[in-house]
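# Structural overview for review
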Amino acid sequence: MTDPSPLLDVRGLSIRVAGTAEPLVDNVSFTLNAGETLCIVGESGCGKSLTALALMGLLEGTPLRVERGSAMFQGIDLLSAAPDVLRGLRGDRAAMIFQEPMTSLNPALRIGEQIAEAVRAHRDIPRDAARARAAEMLQRVRIPAAGKRLDEYPHQLSGGMRQRVMIAMALANDPALLIADEPTTALDVTIQAQILDLMRNLGAETGTAQIMITHDLGVVAEMADKVAVMYAGRIVEAGTTAQVFDDPQHPYTLGLMSSMPSLAGDQGRLVTIPGSVPSPDDMPRGCRFAARCPFATAQCEAPPPLAPRGTGHAVACWHAPLEDFAVGQRREVPA
Amino acid sequence: MTQTILSARGLVRRFITGKPLFGAPTVVQAVNDVSLEVRQGETLAIVGESGCGKSTLARLLTRLIDPTEGSVIYGDRDIASLSGTELRALRREMQFIFQDPFSSLNPRMTVGALIEEPLRIHRLGTAPERRAKVAGLLRKVGLRPEHADRYPHEFSGGQRQRIGIARALATGPKIVVGDEPVSALDVSIQAQVVNILEDLKEELGLTLIIIAHDLAVIRHISDRVAVMYLGEIVELGDAADLFATPAHPYTEALLSAIPIPATGARKARTMLEGDPPNPIAPPPGCRFHTRCPYAQAKCRDERPELRTPSPDRQVACHFAEQLSLTGVNAAMAARPDAAQRRFALYSHARAAMAGAQTDKTKPTTEE
């Protein structure tokens, strides 16, 4: 399963706001092979979007800095490459789509022009060829009457259609990597199903590797080959979709899954995770989940490494496997 | 055997969305001829996608807005005819929890003042009594009495939603309407708030009307579910039955679209192509016929009434009896035994942790 040279190899990515003691995103590592879909799942503030933005070189102009780490993608380190190298890469070999298509589209420009612009930014081709490519892309994302839609403005489209346009734009230059940050969160469920379907099919057709950032474990089960569960800036568990869902090891993964009501049947009272996430300017030094964890002990005041538990499965918990933990052993760990 | 606490009859609400200088205004029929009964002590959920009229319906039921046609009967009176003191008395008994805990709390008032405000408006109790009541309410929603002196911005989203709940409960309402009360919250915080709502409902004997688009949350908290499409109720029934055996094609499509977080689960299916039609010009006949995979000629011409083909189930579909539709069942979300055991470990340790914490501090609910 492990390709000798993955498409994307992220190692030790840390992101910090100047002046804080602990990094916001801490030592994040993962690999992605061509054609694979990795889902990064976690709640607000876990650093999943920051990770994506850092990979695309989009932290410029924010108080956030990549402190350490490398991200090798087709021979280029995304984290240290010069801005013009990244500009040449973005929208071409690596593309990104966002949650809210309306704020990512230019409201004053016809959608055909916007897609053509994305093509012409990277390829020296005539206007009508770019427009033809735009029409072709709208067809590929299954927009009905694509030829006519080219001349419409974003406000004339529904939310689902706008997200299709974003996908068309992102895929117009056949990228090797597509990062999608909560692409369906703003959409209704029936429209979400259409978009997920589309992304799965396009992924299979084009071989584009995808990183999908989501908070929805249902979307993860549906889309991912591999999963990384993030909590407060760290990956706490990573593995194949089957490993993470069928053999969840980290207490946070278990808590997150227990917190979700089931569509399919009665489960009684929801088993929750107590408390709330640590504040970004006051991250604990040790295990960042310890203050909320039912399995915490004094040992958890030291940060647990993301240690392998079988092939491809890794867990950052001192007490994994939890079967060996005796209840009553728990100690309060200061937040 | 169960009593009806609130009933809507033929509710219609139209909004004027565009008024040209000349010519006819554009009218949206947000709620079209909705009748339903809310039972004493139940949790009734109203589900549907954006623009289906579910929030408008909730506002009509509590008379936050007036219906264009139809009536809402509470007790023995039509609440549309109430005014002045009678309306104020009604407000005491029906309260609302809003979706966005950031915009629904006045940032310049302390939490204590916010929760006390409904008590002051309704002139309930003396000042010291009200303060004691605020402290009690804060404890009920899992916050601490000393939080009363703080301002909303000092709290997280989940805590603010608890404040919103405490405020809604201050006057001792009989009916609480929640418009997407947990959908702005993260999963782990959502679960805490869902548990609080359920506990309080039990403890105070409330009737809950919950508007939501998250069907898993709905399945968990509600006794009965009403499914809306383009301003109409297309199906209404017992939550467990309706999810297991939907009778309306739209309900089936909604259920099929939801990704289930388990590896052995069925893949979500795209049963509906395209977007919902424009509510300004809804299709004739059955409003769902343009997207319905089972539509026949009759559906284009004839509007199906909300019928009662079997006890405890209402459905607005000409062919409800002929169709055999697929729902969701427990087997779809089944987990392997090893995972099941680990979840049991978590649950056990979690309970032990809650026990240890209650010993140390007084408040019962987790923060």
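Each value, and the rule that gives it
- Residues numbered from 1 in each chain as written.
- Chains lettered and ligands numbered in written order.
- Predicted model: local features only at pLDDT ≥ 70, side-chain atom pairs only at ≥ 80, totals over all residues.
- Heavy atoms only, no water.
- Helix = DSSP H or I, 4+ residues; strand = E, 2+ residues; numbered from the N terminus.
- Rg over C-alpha atoms; globule rule 2.2 N^0.38 Å.
- Buried < 20%, exposed > 50% of the residue type's maximum accessible area, 1.4 Å probe, protein only.
- Contact = heavy atoms within 4.5 Å.
- Areas by Shrake-Rupley, 256 points an atom, 1.4 Å probe, with all protein chains shown as cover.
- Domains from an automatic or database assignment.
- Buried area = accessible area lost by both parts, 1.4 Å probe.
- Salt bridge = Lys/Arg side-chain N within 4 Å of Asp/Glu carboxyl O.
- Polar contact = N/O pair within 3.5 Å; in protein donor to acceptor, adjacent residues only side chain to side chain.
- UniProt positions renumbered as here; feature names shortened; annotations may be inferred.
- Core = buried A, V, L, I, M, F, W, Y, C linked by side-chain atoms within 4.5 Å.
- Nonpolar A, V, L, I, M, F, W, Y, C, P; charged D, E, K, R; others polar.

### Some details on the overall build of chain B
Assigned secondary structure in chain B consists of 11 helices and 12 strands. Computed over C-alpha atoms, the radius of gyration of chain B comes to 22 Å, within 12% of the 21 Å expected from 2.2 N^0.38 for 367 residues, which places it in the range of a compact globule. Dimensions of chain B along its principal axes, counting C-alpha atoms only, are 65 × 60 × 45 Å. Scored against the burial criterion, the 367 residues of chain B give a buried share of 52%. In chain B, 64% of the contacts between residues at least 6 apart in sequence involve partners at least 24 apart. Put simply, chain B shows about 16200 Å² of open surface, and 50% of that area lies on carbon and sulfur atoms.

### Focus on the domain arrangement of chain A
Parsing chain A into structural domains produces domain 1 (104–172) and domain 2 (246–324). Computed over C-alpha atoms only, the centres of domain 1 of chain A and domain 2 of chain A are separated by 43 Å.

### Things to note about the side chain of Gln 194 of chain A
Along the polypeptide, Gln 194 of chain A turns up in helix α8 (residues 189–206). Other than its neighbours up to four places away in sequence, Gln 194 of chain A contacts Arg 164 of chain A together with Thr 270, Leu 272, Glu 273, Gly 274 and Arg 291 of chain B.

### Some remarks on the interface of chain B and chain A
Taken together, the contacts link 59 residues of chain B with 61 residues of chain A. Buried surface at the junction of chain B and chain A, both sides included, amounts to about 5300 Å², of which 59% is carbon and sulfur. Counting across the interface, chain B meets chain A through 3 salt bridges. Between Arg 342 of chain B and Glu 323 of chain A there is a salt bridge, with the nearest N and O atoms lying 3.2 Å from each other. Taken together, the connections running from chain B to chain A amount to 18 residue pairs in polar contact (both at pLDDT 80 or more).

### Some thoughts on the UniProt feature "domain: ABC transporter" (unreviewed entry) in chain A
Mapped onto this structure's residue numbering, the UniProt feature "domain: ABC transporter" (unreviewed entry) falls at residues 10–257 of chain A. Overall, residues 10–257 of chain A shows 40% helix and 25% strand. The separation of its end C-alpha atoms is 27 Å.

### Description of the nonpolar core
All names here are of chain A. One finds Leu 8, Phe 30, Leu 55, Leu 177 and Ile 211 to be the most contacted residues of the largest nonpolar core, which totals 111 residues. Ranked by residues supplied to this core, first place goes to helix α7 (residues 159–171) with 8 residues. Formed jointly, this core draws a minimum of three residues from each of two domains, domain 1 (104–172) and domain 2 (246–324). Not counting chain neighbours up to four residues away, the residues in contact with Leu 55 comprise Leu 8, Val 10, Phe 30, Ala 71, Leu 78, Leu 79, Ile 179 and Ile 211.

### A closer look at helix α1 (residues 54–61) of chain B
Think of an α-helix as 3.6 residues a turn; residues three or four steps apart then line up on the same face. Residue and element names in this part refer to chain B. Among the 8 residues in α1, 6 count as buried, and that is most of the element. Among the residues making up α1, those that are buried are Lys 54, Thr 56, Leu 57, Ala 58, Leu 60 and Leu 61. The positive-phi residue at the C-terminal boundary of α1 is Arg 63, with phi of around 55°.

### A closer look at the domain arrangement of chain B
Residues and elements named next belong to chain B. Splitting chain B by domain gives domain 1 (4–222) and domain 2 (232–333). With 16 residues of domain 1 at the interface, the matching set in domain 2 holds 16 residues. Approximately 1500 Å² of surface area, both sides summed, lies buried where domain 1 meets domain 2, with 62% of it carried by carbon and sulfur atoms. In this structure, the connection of domain 1 to domain 2 is made through 3 residue pairs in polar contact (both at pLDDT 80 or more). Looking at the side of domain 1 that touches domain 2, the elements with two or more residues in it are β2 (26–39) and α7 (215–221). Per element, the largest residue contribution to the side of domain 1 that touches domain 2 is 10 residues, and it comes from β2. Across the side of domain 1 that touches domain 2, the residue classes tally to 6 nonpolar, 6 polar and 4 charged.

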